[in-house]
Amino acid sequence: MHGEYKMLGGKLVVVDLEVRDGRLADVRLSGDFFLEPDSALRTINAALEDQPAQATETELANAVRDALPLDVMMYGLSPEAIAVAVHRALHGEAEA
Amino acid sequence: MMRTDWRDHDWRLIHTIPQSPSLHMALDDVLTHEVGAGRRKPTLRIWEWAAPAVVIGRFQSLRNEVDADAAERYGIEVVRRVSGGGAMFIEPGNTITYSIYAPQSLIKGLSFQEAYAFFDEWVLQALGELGIKAWYQPLNDITSEGGKIAGAAQVHRGGAVLHHVTMAYDIDAAKMLDVLRIGREKLSDKGTVSAAKRVDPLRSQTGLPREAVIERMVATFRRLHGLSDDAVRPDEQARAEELALGKFSSATWLADVA
């Protein structure tokens, strides 16, 4: 499953994932955003793994935010934007 | 750490013969590290390309961004760079690419948005001297009345920041769209690309050869910030060649975001 989101003034956020037993699996975030250190990409993927497929965008954004160290730098990317891309992957929504 | 100004530093220029795409990736890595470690003066490097390439951003999906069959058909090498941002389509002579390796003190206290604009103020000035009215379009673009001119990316390493920029001189848009999979979301702000045969803001708006545009840019940087000619040191070159053949040519790195 595949979801894309470009927030206003942001970069493209792409999420590919599967759903197994009602939970997110093989979550892969990608896009043309800026994120440092680059190891944070894996931290974000891991934070989303096993989240309930019924989770709200707020819950998904909080899961990402809680997993990230305070010194992570995001530009053109946010926990909320990632949550929207996940939501679109899950629900196949058309672009807003 | 105190905020420093351009003139507080002794800027060096590296502009050498064409290099392979993977060596360019490696030189950015090594030279940023050297400036951060204090072994190299802050440096402006102008890139020359020895071969066509697609350069994808640090977090872009290889599969989602690049049509591998098309790239192979055209003999285009695909490489991944250390910074975020979007894919670049390179053929020798079709773009102007430069890197600035600077101490982080230069942008201390600036927001990301301010730091991107700060590093390219001299370029806007140079473009003005070439008759192009250009401005910064956040987050990371230089644009003009004739459309987007350039995209920038930054990476922070140790005490250094790498700011690199690719400017469109004269790009074969049809070939680019064959090789890059530009998604629908992305096209929402690049709607003009698909209609045009060439994306040539610098060539069409200056009427000058690429070399003359580069010469003007270097002259502007030199006048504003000071600049003396330099070269990659043998130890830097050796380390970069090692990384170019290793990490930056490896399938692991290229497909790190599959």
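Residues numbered from 1 in each chain as written. Chains lettered and ligands numbered in written order. Predicted model: local features only at pLDDT ≥ 70, side-chain atom pairs only at ≥ 80, totals over all residues. Heavy atoms only, no water.

A. Here's a closer look at the overall build of chain A. Regarding its fold elements, chain A presents 3 helices and 5 strands. Relative to a compact globule of 96 residues, whose C-alpha radius of gyration would be 12 Å, chain A shows 12 Å and is just as compact. Within chain A, the proportion of its 96 residues that are buried is 52%. Taking as baseline every contact in chain A between residues at least 6 positions apart, the subset at least 24 positions apart corresponds to 50%. Of the accessible surface of chain A, which amounts to about 4,500 Å², a share of 51% is contributed by carbon and sulfur atoms. Distance between charge centroids for chain A: 2 Å, based on 8 positive and 17 negative side chains. (Helix = DSSP H or I, 4+ residues; strand = E, 2+ residues; numbered from the N terminus. Rg over C-alpha atoms; globule rule 2.2 N^0.38 Å. Buried < 20%, exposed > 50% of the residue type's maximum accessible area, 1.4 Å probe, protein only. Contact = heavy atoms within 4.5 Å. Areas by Shrake-Rupley, 256 points an atom, 1.4 Å probe, with all protein chains shown as cover. Lys, Arg positive; Asp, Glu negative; His and termini not counted. Charge placed at Lys NZ, Arg CZ, Asp CG, Glu CD.)

B. Spatial organisation of empty space enclosed by the protein. Applying the stated criterion to the full structure yields 2 cavities of 30 Å³ or more. Of the volumes computed, that of the largest cavity is approximately 60 Å³. For the largest cavity, the full set of lining residues is A:Phe34, A:Leu35, A:Glu36, A:Met73, A:Met74, A:Tyr75, B:Phe112, B:Tyr116, B:Gln154 and B:His156. Those elements giving two or more residues to the lining of the largest cavity turn out to be strand S4 (34–36) and strand S5 (73–75) of chain A together with helix H4 (112–119) and strand S9 (147–157) of chain B. For the lining of the largest cavity, the residue count by class is 7 nonpolar, 2 polar and 1 charged. (1 Å grid on protein atoms, 1.4 Å probe; cavity = no way out; pocket = protein on both sides within 12 Å on 5 of 7 lines; lining within 4 Å. Points joined across faces, edges and corners; volume = space filled by probe spheres on them. Nonpolar A, V, L, I, M, F, W, Y, C, P; charged D, E, K, R; others polar.)

C. Spotlight on the nonpolar core. Among the nonpolar cores identified, the biggest contains 42 residues, and B:Tyr98, B:Leu127 and B:Met167 are the most heavily contacted of them. Top element by residues in this core is helix H10 (residues 210–225) of chain B. It accounts for 5 residues. The next biggest cluster of nonpolar side chains, apart from the first, holds 30 residues, and it includes A:Leu35, A:Ile44, A:Ala55 and A:Val72. (Core = buried A, V, L, I, M, F, W, Y, C linked by side-chain atoms within 4.5 Å.)

D. Inspection of the packing of aromatic side chains at higher detail. Residues and elements named next belong to chain B. With the rule as written, the count across this model stands at 15 aromatic pairs over all chains. Pairing Trp 6 with Phe 118 gives two aromatic rings, centres 5.3 Å apart and planes at 15 degrees, and the pair type is stacked. Here Trp 6 is found in the segment before strand S1 (12–15), whereas its partner Phe 118 is found in helix H4, with 112 residues between them in sequence. Look at Trp 6 and you get buried, because its relative accessible area is 5%. Centroid distance Phe 248 to Trp 253: 5.6 Å. Interplanar angle 80 degrees. Geometry classified as edge-to-face. Per residue, the accessibility class of Phe 248 equals that of Trp 253, and both read buried. (Phe/Tyr/Trp six-rings, centres within 6.5 Å; stacked < 30°, edge-to-face > 60°.)

E. Examining the sheet that holds strand S1 (residues 2–6) of chain A more closely. Residue and element names in this part refer to chain A. The strand order S1-S2-S3 describes an open sheet built from 3 strands, whose pairing is antiparallel. One side of each edge strand has no neighbouring strand; the edge strands of this open sheet are S1 and strand S3 (23–31). Averaged over all pairs of adjacent strands, the angle between strand axes in this sheet comes to 20 degrees, irrespective of strand direction. The pairing of S1 with strand S2 (residues 12–20) spans 5 bridges and is classified as antiparallel. (Pairing = 2+ DSSP bridges. Axes fitted to C-alpha atoms, helices over the stretch in contact; angles between N-to-C directions.)

F. Layout of the pairing of strand S3 (residues 53–56) of chain B. Residues and elements named next belong to chain B. Burial along S3 is two-sided: Ala 53 and Val 55 and Val 54 and Ile 56, pointing in opposite directions, are all buried. Where S3 and strand S4 (residues 77–80) come together, 4 bridges link them in parallel fashion. When the bridges of S4 are listed, Ile 56 appears paired with Arg 80. Pairing between S3 and strand S5 (residues 88–90): 3 bridges, direction antiparallel.

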